[in-house]
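# Structural characterization, general
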Amino acid sequence: MNFDPQTIQLKNGKFVLVREARLHDAPAILQMVKSYLDNSPYIPKSTSEFRMSLEQEEAWIQSFLDAPNSLLLVAEFENQMIGNIDLTGNKRQVMQHNALVGMGMLIEWRNQGLGSALMQAAIDWAKSNPILENLQLEVYAENLAGINLYQKMRFQKVGIIPKLFKENGKYCDSIMMSLSLKSE
Ligand SMILES: CC(C)(COP(=O)(O)OP(=O)(O)OC[C@H]1O[C@@H](n2cnc3c(N)ncnc32)[C@H](O)[C@@H]1OP(=O)(O)O)[C@@H](O)C(=O)NCCC(=O)NCCS
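My aim in this report is to walk through the structure given alongside it, one point at a time. (Residues numbered from 1 in each chain as written. Predicted model: local features only at pLDDT ≥ 70, side-chain atom pairs only at ≥ 80, totals over all residues. Heavy atoms only, no water.)

Turning our eyes to something else, we now look at the packing of helix H3 (residues 114-128) against helix H4 (residues 144-152). Here H3 crosses H4 at 40 degrees, and the two axes come no closer than 10 Å. In terms of axis orientation, H3 runs oblique to H4. The two elements H3 and H4 meet at a crossing, and its hand is right-handed. Contact residues: Gly115, Ser116 and Met119 in H3; Leu149, Tyr150 and Lys152 in H4. Its residues assigned to classes, the contact of H3 with H4 shows 3 nonpolar, 2 polar and 1 charged. (Axes fitted to C-alpha atoms, helices over the stretch in contact; angles between N-to-C directions. Helix = DSSP H or I, 4+ residues; strand = E, 2+ residues; numbered from the N terminus. Parallel < 35°, antiparallel > 145°, perpendicular 65-115°, else oblique. Left-handed = near helix turned anticlockwise from the far one by under 90°. Contact = heavy atoms within 4.5 Å. Nonpolar A, V, L, I, M, F, W, Y, C, P; charged D, E, K, R; others polar.)

The structure is reproduced here in structure tokens:
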């Protein structure tokens, strides 16, 4: 299902384009993700673990274009890739009405409302998708900006996995959150 591109204005006054990712975006997305992983303690993947080749990145983008219950959006400022959100629809028949949300952005663009705008765009798309009924995500219990954003978007805390994350001997719980697209 197509996504109509949107231009949104952030708190810093800048206008950002939100659109569906295409295959030719693969190099720019790779570069952006590598760059923001370094500054994202709440994404459980280190830059050294992120070893996608260009071909794998293209295949990843294509998987969103092929799956009717999946969506990959990117945010661009003056042709620079600055953030992304993905809804990965479940492939199993009995769970295909669910999609898992992931998102990230360059550090200098955080706390400007970009995450909220990307999430709102994804939720609006998901609400008009004929297959999807629920969105789910997992978030570090310490990720207060993320939790704040998700609660603002009416995600509810539905569970907790204690001590899922461990870094340098320090544990952090994982909070599972869910949004029903049909309850409003
Ligand atoms: C988490 C993330 C997606 C949020 O996006 P963002 O653009 O920074 O978020 P927004 O500016 O739209 O909204 C954040 C909200 O949290 C609030 N917030 C920020 N830091 C906070 C903190 N420490 N405690 C409580 N609230 C906080 C902001 O004030 C804002 O609230 P508001 O909309 O009521 O003003 C973004 O910071 C990011 O990509 N982080 C790195 C990767 C990551 O953590 N991904 C998510 C994995 S689940």
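A turn of α-helix holds 3.6 residues, and therefore any two residues three or four places apart point the same way. For H3, which comprises 15 residues, the first-to-last C-alpha distance of 22 Å matches the rise-based estimate of 21 Å (1.5 Å per residue) to within 8%. Burial within H3 is extensive, with 11 of its 15 residues counted as buried. Listed in full, the buried residues belonging to H3 are Leu114, Gly115, Ser116, Ala117, Leu118, Met119, Ala121, Ala122, Ile123, Trp125 and Ala126. (Expected span 1.5 Å × (residues − 1). Buried < 20%, exposed > 50% of the residue type's maximum accessible area, 1.4 Å probe, protein only.)

Next up on the list: the side chain of Glu76. Its place among the elements puts Glu76 in strand S3 (residues 71-77). In terms of polar contacts, Glu76 uses its side chain to reach the side chain of Arg19, at 2.9 Å. (Polar contact = N/O pair within 3.5 Å; in protein donor to acceptor, adjacent residues only side chain to side chain.)

Let us now look at the site of the ligand. Around the ligand sit 23 residues, and of these Lys11, Asn111, Gly115, Ser116 and Lys152 come closest. With respect to the ligand, the backbone of Met103 contributes an N or O atom lying 3.0 Å from a nitrogen atom. With the chains in place, 76% of the 950 Å² that the ligand exposes on its own is no longer accessible. Of all elements in the fold, only strand S5 (98-105), H3 and H4 reach the threshold of two or more residues within the shell around the ligand. Among the elements that make up the shell around the ligand, the one with the highest residue count is H4 (7 residues). (Near = heavy atom within 4 Å. Areas by Shrake-Rupley, 256 points an atom, 1.4 Å probe, with all protein chains shown as cover.)

Attention now moves to the environment of Ala117. Tracing the sequence through the fold places Ala117 in helix H3. Linking Ala117 and Val18, residues 99 residues apart in sequence, is a C-alpha distance of 8.7 Å.

Our next topic: the nonpolar core. When a protein is soluble and globular, its nonpolar side chains tend to lie buried together. Judged by nonpolar contacts, the single largest core of 54 residues is most densely connected at Val16, Leu87, Leu114, Met119, Leu135, Tyr150 and Phe155. The biggest single contributor to this core is H3, with 9 residues. Excluding anything up to four places from it in sequence, Met119 contacts Ile85, Val101, Met103, Leu137, Leu149, Tyr150, Met153 and Phe155. (Core = buried A, V, L, I, M, F, W, Y, C linked by side-chain atoms within 4.5 Å.)

Looking now at the pairing of strand S1 (residues 6-9). Of the pairings in the sheet, the one linking S1 to strand S2 (residues 15-20) comprises 4 bridges and is antiparallel in character. Of the residues in S2, the one forming a bridge with Thr7 is Leu17. The turn joining S1 and S2, which pair antiparallel and follow one another in sequence, is formed by 5 residues; a positive phi near 85 degrees is taken by Gly13. (Pairing = 2+ DSSP bridges.)

Most peptide bonds are trans, and most residues other than glycine sit at a negative phi. In this structure, Asn79 is a non-glycine residue whose phi angle is positive, near 65 degrees. By secondary structure assignment, the location of Asn79 is in the loop between S3 and strand S4 (80-89). Overall, Asn79 belongs to the exposed group, its relative accessible area being 73%. The phi angle at Asn111 is positive, at roughly 60 degrees, despite the residue not being glycine. By the secondary structure assignment, Asn111 is in the loop between S5 and H3. Overall, Asn111 belongs to the exposed group, its relative accessible area being 66%.

One pass over the structure, following the stated rule, counts 5 aromatic pairs. Between Trp60 and Phe64, the aromatic rings sit 4.9 Å apart at their centres with planes inclined by 80 degrees, giving edge-to-face as the arrangement. Note that Trp60 and Phe64 are positioned in helix H2 (residues 54-66) at a spacing of 4 residues, about one turn of the helix. Following the ring pairs from residue to residue traces out a cluster consisting of Tyr42, Tyr140 and Phe165. One residue, Lys163, lies across the ring of Tyr171, its end atom 4.9 Å from the ring centre. (Phe/Tyr/Trp six-rings, centres within 6.5 Å; stacked < 30°, edge-to-face > 60°. Lys NZ or Arg CZ within 6 Å of the ring centre and 35° of its normal.)

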